[in-house]
Structure formats: C-alpha cells, structure tokens
Amino acid sequence: MARIGIFLVLLSLACSLTLCICDDESNYGGDEGKLSPSFYSISCPKAEEIVRSVVAQAVARETRMAASLMRLHFHDCFVQGCDGSLLLDTSGSIVTEKSSNPNSNSARGFDVVDQIKAALESQCPGIVSCADALTLAARDSSVLTGGPNWMVPLGRRDSTSASLSGSNNNIPAPNNTFNTILSRFSNQGLDLADMVALSGSHTIGFSRCTSFRQRLYNQSGNGTPDTTLEQSYAANLRQRCPRSGGDQNLSELDINSAGKFDNSYFKNLIENMGLLNSDQVLFSSNEQSRELVKKYAEDQEEFFEQFAESMIKMGNISPLTGSSGEIRKNCRKVNS
C-alpha cells in the first residue's frame, strides 16, 4: 500500500504544478479546456463528497452496483470518449447506446447516476456534468470495494449525441480474440498494460450465461468446450449455464471474491479459471500479457498502482471541454 500512497502523492503534486505530467495528449490541468482535479473547487466544492455519498449508499444496498458503475464508465469512454453519451435515452434524432449488443439487458446503474445527478443539481445547479459524475462514481466504486483511490481530473462536458454503431463496434466483446481486444484498446490510445490492468476490474461483479456459454459447449464451432477452462470450474459453471435457456443467469467474474476489489482475478487466470474468454486470453494467448498477469497475481500493490494510472488515462479519452458539449440537467436527455 505504501507504493500506492507514494504514487497518489506524486500525482497530486504533479497536477498542482504548471508544468505537470498532464501534457497535451492527456488533456488535463488547471487551464480552461483542460481537466483538473480541482475543477469544481470553487463552483461546487462538495461535488466529490456528494457523489461518494450516493455511491456508498447504492453499494451498501447491493455490492454488485460497484462493478455496474465501473462498467458504465468503461462503456461510455470507448464510444465518443468520456462524454456521458451512454446515459442518453432515445429521443428525437438520438438513438440510445443502451440498446447496443454490449449494453442491452446488461448495462445497469443508470438509476444511481440519476440519483447522483439529482443530488448535484440540488447543491450546484448546472455545474457538474454527467460525464464527470460517472467518472467519479467509477473511482468511488473501486475505493468502496477495497480497491485503489486516485485523484480524478475533472472538467468534462456532456455530449449532445450518442453512437449506437460506435457502441457495437468499439467495445470489446466477451468472446473476442486477444488481438481483437488489444486492437480495440489501442484504438482508444490504451496500451497492453492498460488493457491487462483495466481487465482486472473483473475482480468484482458478475456476468450473464450468454456471455460465456460458448466456452462451455461450443468454443470453436465444432461442439466442443474451451480446453483452456479448468474442468471442475467448467462443470460448476454448466450447472448455472445450460446449453440452452438461462441466458440471464449470473456467475461471478471472480469466483473467490466477487465483492472485493483485489488481485485474485489474476490468480484465477493462472489456474485457467477466468470466466470470460476475454479474461482467459490475457494469460493463454500472449507472452507479454501473461507476464503482466503473473506480476499482478504476485503483487497486488503493482496492480493497484497500474489500475489507478490506467483509469486516469481511460478517463481522458477525448473529453469535451471548454464550450464543447453542454452540462445536462438530466443525464438521460440533452437540454432543450
């Protein structure tokens, strides 16, 4: 934990300097058009406290909500950047991203985002964007389940559009190959280390039967299961996920500690007990990725440090700043 503390202190100091690690590509800092952890320090000084309070109540009611909120942030950032586009409902010319293949009957937590936004609007009307609220909620979801903490650069604005096609094409799918997953991360400016560390968010939460059934019964299209899946684990999964039916049945992404943010996810991969194909290929399909899995399995602090760094990096994908976009009053619809 000491290494994480040193990292966070250094990040805090760096982001307070004029010449900081926050360069043009990362697009955060204190100037207009940049992101900065202190963005709301005057306009809404209790913004982070408000978000944390609502998220804490939601996670206390249902631990799974932490994973759901983190996933919303991920699915938002991979489409048009971190602009809250995922939160928009279908209306007028907008076709919601919620109906895409990765999100339909799967993405959840929108009601919690609504509660966060309502609390922010009550305290600071028209100030804090939905995009920032979701980014903060993702960080708080990590902390509340035992994961790392980090300073969140803020100042994102909300999009006035959504992209159903972007949601269908940009977000990695559970049955994608290693190279496809890496390509989709690379397209967002994220590298191999980011991909492995961010996949570690699967240390919390659940997945639906429909997302891993192929591994159990027909991995290669010839009616045989995935041979990289540990046999007793596969037998247990078949009890919850039949060959047909039960599409919405849930299984833990991390069989050992689905409600605790830790490094056991990586230990599972070494034992061939990753739930999704997109999890297991991190260990089975690439030597560099395999070495990172081993490192994070052995050293939780290394994982936490890289996860925090990669979450900040992902949170800076193509943000709308300055006069671009808007600050929505309701996260589900653009301002009229």
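Computed from a predicted structure; not experimentally measured. The residue numbers shown here count from 1 along each chain, following its written sequence. Predicted model: local features are reported for residues with pLDDT of at least 70 only, side-chain atom pairs are reported and counted for 80 or more only, and whole-chain, interface and lining totals are derived from all residues. Side-chain figures throughout are based on the complete set of non-hydrogen atoms in the structure, without hydrogens or water.

Draft legend 1. Fine view of the overall build of the protein chain. Elements are defined by DSSP. Helices are runs of H or I of four residues or more, strands are runs of E of two residues or more, and each kind is numbered from the N terminus. When its secondary structure is counted, the protein chain shows 14 helices and two strands. The globule rule puts the C-alpha radius of gyration for 336 residues at 20 Å, and the 19 Å found for the protein chain is close to it. Principal-axis analysis of the C-alpha atoms places the extent of the protein chain at approximately 60 × 50 × 35 Å. Classification of the 336 residues of the protein chain by burial places 54% in the buried group. For the protein chain, the share of sequence-separated contacts (at least 6 apart) that also reach a separation of at least 24 residues comes to 74%. Each accessible area is a Shrake-Rupley estimate made with a 1.4 Å probe; only the visible protein chains count as cover when residues are assessed. With an accessible surface of roughly 14300 Å², the protein chain has 48% of that area assigned to carbon and sulfur atoms. The quantity called the radius of gyration is restricted to C-alpha atoms. Its globule counterpart is 2.2 Å times the number of residues to the power 0.38. We call a residue buried when its accessible area falls under 20% of the maximum for its residue type, exposed when it is over 50%, and partly exposed in between, using a 1.4 Å probe and counting protein chains only. Contact between two residues is taken to exist if any of their heavy atoms lie within 4.5 Å; hydrogens are not considered.

Draft legend 2. Region of the structure containing the packing of aromatic side chains. Ring pairs shown here join Phe, Tyr and Trp side chains whose ring centres sit within 6.5 Å, with only the six-membered ring taken for Trp; geometry is labelled stacked below 30 degrees between planes, edge-to-face above 60, and tilted in between. Under the criterion given, the structure shown has 14 aromatic pairs. The interplanar angle of 75 degrees and the centroid separation of 5.1 Å between the aromatic rings of Phe78 and Phe185 together place this pair among those described as edge-to-face. Here Phe78 is found in the loop between helix 3 (64–77) and helix 4 (110–123), whereas its partner Phe185 is found in helix 7 (residues 178–186), with 107 residues between them in sequence. Through successive ring pairs, a cluster of aromatic residues spans Trp150, Phe261, Tyr265, Phe266, Tyr296, Phe303, Phe304 and Phe307. Remark: a charge is flagged as sitting over a ring if the NZ atom of Lys or the CZ atom of Arg is within 6 Å of the ring centre and within 35 degrees of the ring normal. Looking at Arg290, its charged tip hangs above the ring of Phe283, at a distance of 5.7 Å from the centre.

Draft legend 3. Quick peek at the state of the cysteines. Two cysteine sulfurs form what is called a disulfide whenever their separation falls within 2.5 Å. Throughout the structure, instances matching the rule amount to four disulfides. Disulfide partner of Cys44: Cys124, at an S-S distance of 2.0 Å. Since a negative S-S torsion denotes a left-handed disulfide, the Cys44-Cys124 link at about 80 degrees is right-handed. Note that Cys44 is positioned in the loop between helix 1 (2–14) and helix 2 (47–61) and Cys124 in the loop between helix 4 and helix 5 (130–144), a separation of 80 residues in sequence. Cys44 sits in the buried class, given a relative accessible area of 1%. For Cys124, a relative accessible area of 6% corresponds to the buried category. In the protein chain, the bonded cysteines, numbered by position in the sequence, are linked as 1-4, 2-3, 5-8, 6-7.

Draft legend 4. Summary view of the pattern of salt bridges. Salt bridge, as used here: a side-chain nitrogen of Lys or Arg that lies within 4 Å of a carboxyl oxygen of Asp or Glu. Counted under the stated rule, the structure contains 16 salt bridges. For the salt bridge of Arg332 with Asp89, the shortest nitrogen-to-oxygen distance reads 3.6 Å. Here Arg332 is found in the segment after helix 14 (300–315), whereas its partner Asp89 is found in the loop between helix 3 and helix 4, with 243 residues between them in sequence. A relative accessible area of 26% places Arg332 in the partly exposed class. Through salt bridges with shared partners, one network takes in Glu48, Arg52, Arg139 and Asp140.

Draft legend 5. Highlighting the UniProt feature "site: Transition state stabilizer" (unreviewed entry) in the protein chain. UniProt positions are given in the numbering used here, feature names are shortened, and annotations may be inferred rather than shown by experiment. In the UniProt entry, the feature "site: Transition state stabilizer" (unreviewed entry) is given for Arg71. Its place among the elements puts Arg71 in helix 3. Exposure remark for Arg71: the relative accessible area of 31% places this residue in the partly exposed category. Excluding anything up to four places from it in sequence, Arg71 contacts Pro102, Ser106 and Ala107.

Draft legend 6. Representation of the packing of helix 8 (residues 192–199) against helix 13 (residues 287–298). An axis is simply a line fitted to the C-alpha atoms; with a helix, the fit covers only the stretch in contact. Between two such axes, the angle follows the N-to-C directions and lies from 0 to 180 degrees. It is at 10 Å that the axes of helix 8 and helix 13 come closest, and there the two elements cross at 45 degrees. What the angle tells us is that helix 8 and helix 13 run oblique. Crossing of helix 8 over helix 13 shows right-handed handedness. Between helix 8, through Leu192, Ala193, Val196 and Ala197, and helix 13, the contact on the second element is made entirely by Gln288, Ser289, Leu292, Val293 and Tyr296. Relative orientations are named as follows: roughly parallel for angles under 35 degrees, roughly antiparallel for angles over 145 degrees, roughly perpendicular for angles from 65 to 115 degrees, and oblique for any other angle. In this scheme, a crossing is called left-handed if the near helix is turned counterclockwise away from the far one by less than a right angle; it is called right-handed if the turn is clockwise.

Draft legend 7. Layout of the confidence of the model for the protein chain. Values of pLDDT, ranging from 0 to 100, describe the predictor's confidence in every residue of the model. Scored by pLDDT, the protein chain comes out at a mean of 90, with 90% of its residues at no less than 70. Between residues 1–31, whose pLDDT stays under 50, and residues either more than four places distant or in other chains, the model counts 49 contacts.

Draft legend 8. Region of interest: the environment of Ala258. Mapped onto the secondary structure, Ala258 falls in the loop between strand 2 (250–252) and helix 11 (264–270). Taking the C-alpha atoms as reference points, Ala258 and Pro319, separated by 61 residues in sequence, lie 31 Å from one another. Sequence-distant contacts of Ala258, that is, excluding residues within four places in its chain, are made with Thr203, Ile204, Gly205, Phe206 and Glu252.

Draft legend 9. A look at the environment of Glu252. Here Glu252 is to be found in strand 2. Note on Glu252: relative accessible area 21%, which makes it partly exposed. Every residue in contact with Glu252, bar those within four places of it in the chain, is listed here: Gly205, Phe206, Tyr233, Arg240, Ala258 and Leu275. Here a polar contact means two N or O atoms within 3.5 Å. Within protein one must be a hydrogen donor candidate and the other an acceptor candidate, and residues neighboring in sequence count only if both atoms are side-chain atoms. Among the polar contacts listed, one links the side chain of Glu252 to the side chain of Arg240, at a separation of 2.7 Å.

Draft legend 10. Just the environment of Leu120, in detail. Looking at where Leu120 falls in the secondary structure, it is placed in helix 4. Note: C-alpha distance between Leu120 and Val334 (214 residues apart in sequence) is 17 Å. Sequence-distant contacts of Leu120, that is, excluding residues within four places in its chain, are made with Ala47, Ile50, Val51, Pro125, Val128 and Ala133.

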